[in-house]
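A look at the structure
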Amino acid sequence: MKLTVIGLGYIGLPTALLFASKNVDVVGVDVNESVVNKLNNGQLHIEENGMEELLVQSLDSKKFKASTTVEEADYYIIAVPTPHLEDNSCDVSYLKSAVEKLQGVIKKGDTVIVESTIAPRTTEDVVQPMIESYGFEVGKDVYLAHCPERVLPGKIIHEMVHNNRIIGGITDACTKKAIDLYKVLVQGKLLETKASTAEMSKLMENTYRDVNIALANELVKISDTLKVDALDVIKLANEHPRVNIHLPGPGVGGHCLAVDPYFIVASDEKNAQIISKSRAINNSMPSFVIEKVNEIMKSIKGKKITVLGLTYKGNIDDIRESPALDIYHELKLKSEFEVVAQDSHVHLDWVENDIEKALNDSDLALVLTDHNEYKNISVEVLSAMKNKVIFDTKNIVNSDDSVTYYNFNNIYEI
Ligand code: SAJ
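In this text, all values refer to a predicted model and were calculated from it rather than measured experimentally. (Residues numbered from 1 in each chain as written. Predicted model: local features only at pLDDT ≥ 70, side-chain atom pairs only at ≥ 80, totals over all residues. Heavy atoms only, no water.)

Another aspect to go through is the domain arrangement of the protein. Many analyses report the size of an interface as the accessible area lost when the parts associate. For the protein, the assigned domains read domain 1 (2–202) and domain 2 (279–413). Put simply, the middle of domain 1 and the middle of domain 2, counted by C-alpha atoms, are 39 Å apart. Facing four residues of domain 1, the contacting portion of domain 2 comprises four residues. At the boundary of domain 1 with domain 2, total buried surface from both sides reaches about 320 Å², with 43% on carbon and sulfur atoms. At the boundary of domain 1 with domain 2, the tally comes to zero salt bridges. The interface formed by domain 1 and domain 2 contains zero residue pairs in polar contact (both at pLDDT 80 or more). For the side of domain 1 that touches domain 2, the class distribution of residues is three nonpolar, no polar and one charged. (Domains from an automatic or database assignment. Contact = heavy atoms within 4.5 Å. Buried area = accessible area lost by both parts, 1.4 Å probe. Salt bridge = Lys/Arg side-chain N within 4 Å of Asp/Glu carboxyl O. Polar contact = N/O pair within 3.5 Å; in protein donor to acceptor, adjacent residues only side chain to side chain. Nonpolar A, V, L, I, M, F, W, Y, C, P; charged D, E, K, R; others polar.)

Have a look at this one:
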């Protein structure tokens, strides 16, 4: 079996390497020549647990090579980025250019699989007509399916093999063809469905999380007005066997939860009410946090703020769509305070890696990301501060009586 994977990013590369480890002949294609050269020399351009070993293995076994041109194969997996456009609809330009590269290469009997996250009906309305314009009938000559991925950064290699997977073909024959490929690799269930159902299921998984986080964030704001302990409310309500309120925070980041719900909103704006409102609530959290920061700084007559954590979630180095980054920039540009950013996972010249240095002479430690290193900040490290005040938007710091500690449970006390 031969497989061509188009797009060697966070999803395409591990997919290509895992299939190569299962004895499939894989060509990984990327438009970026330096990525292709690096990979062929055994070097990764992105970090992911367990991926380096996989790359070395698959180069040694000659089951994987990277290339800038699409090569003839039995299966083609497309895993290119699908960002959102200014009007929040799904940008399919990379997807279309990947499909264009199949013209003159695909042949009767081949299968094309879109893994990129896409708006509902894209496989049918965008990809199918393109393939049919190359002279093939989909479902008869060439097979087409949407098989979204659901892996969590940091656990990609494990989850790609063990998660259940949705396989949505344009026709039943397309679904069967895609199953034949994934059963080589996936140990989880292969869930057969239609392409449009697969597209919407993927979007709804992340939308479900986004909407539930918005509910928690809304509770925080209401509790602030009513002087209620929001975090205790969540803890107690979640003792109910059928309730799972998510965790509030400074906003929702990353390239999935903060992006995917918009694809649904843009597809049916009139009906996507809760989804659209949830996005707005989560997007409003940075200003809510800044408002509270200003109140704290006023009450202590503070001058310096130390932002702890810039990434969109804890213990990773990804700052895409990070609300922490927005809060930092807004405070830096618009407030009267000195603002310093600390994050030991982010290597940029304006980011301090050392916590103690960043806290030196500071009046407020503003925790925006749940990195492990913030859980037990020692008394010695905090003693570098001028005013020992912590505002912990992720509720992770174990503080003692020597510190004035605020989180979403007691912000009404400011
Ligand atoms: N967050 C909260 N409160 C919570 C949970 C998360 O504020 O209770 C915030 C995080 O701090 C972060 C954002 O939400 O800013 C997203 O984090 P996440 O861990 O929920 O998700 P991602 O974006 O890293 O990965 C998600 C996963 N989807 C689901 O869990 C439904 C992953 O399985 C998907 O593969 C991925 O999106 C994707 O690529 O679509």
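The rest of the description comes next.
It is worth spelling out empty space enclosed by the protein at this point. For the structure on display, the rule yields one cavity of 30 Å³ or more. Looking at the largest cavity, the residues that line it are Pro148, Glu149, Arg150, Val151, Glu159, Met160, Asn163, Asn164 and Arg165. (1 Å grid on protein atoms, 1.4 Å probe; cavity = no way out; pocket = protein on both sides within 12 Å on 5 of 7 lines; lining within 4 Å. Points joined across faces, edges and corners; volume = space filled by probe spheres on them.)

Another aspect to go through is the pattern of salt bridges. Per the counting criterion, the structure on display carries 17 salt bridges. The partner of Asp180 in a salt bridge is Lys183, and the shortest N-O contact between them spans 3.3 Å. Assessed through its relative accessible area of 33%, Asp180 is described here as partly exposed. For Lys183, a relative accessible area of 52% corresponds to the exposed category. When salt bridges with common partners are traced through the structure, they connect Lys2, Lys65 and Glu71 into a single cluster. (Buried < 20%, exposed > 50% of the residue type's maximum accessible area, 1.4 Å probe, protein only.)

Sheet architecture is open: eight strands sit in the order β3-β2-β1-β4-β5-β6-β7-β8, paired in mixed fashion. Two strands in the sheet have a free side with no partner beyond their single neighbour: β3 (64–67) and β8 (190–194). Shown here is a sheet whose adjacent strand axes are inclined to one another by a mean of 25°, direction ignored. Strand direction decides the pairing type here: strand β2 (residues 25–29) and β3, joined by four bridges, are parallel. In the sheet register, Val29 faces β3, and the bridge partner there is Ser67. Sheet strands in contact with helix α1 (residues 12–21) are β1 (2–6), β2, β3 and β4 (75–78), and its direction is about 145° off that of β3. The strands that helix α8 (residues 195–226) touches are β6 (143–146), β7 (165–169) and β8; relative to β8, the one it contacts most, it runs at about 115°. (Pairing = 2+ DSSP bridges. Helix = DSSP H or I, 4+ residues; strand = E, 2+ residues; numbered from the N terminus. Axes fitted to C-alpha atoms, helices over the stretch in contact; angles between N-to-C directions.)

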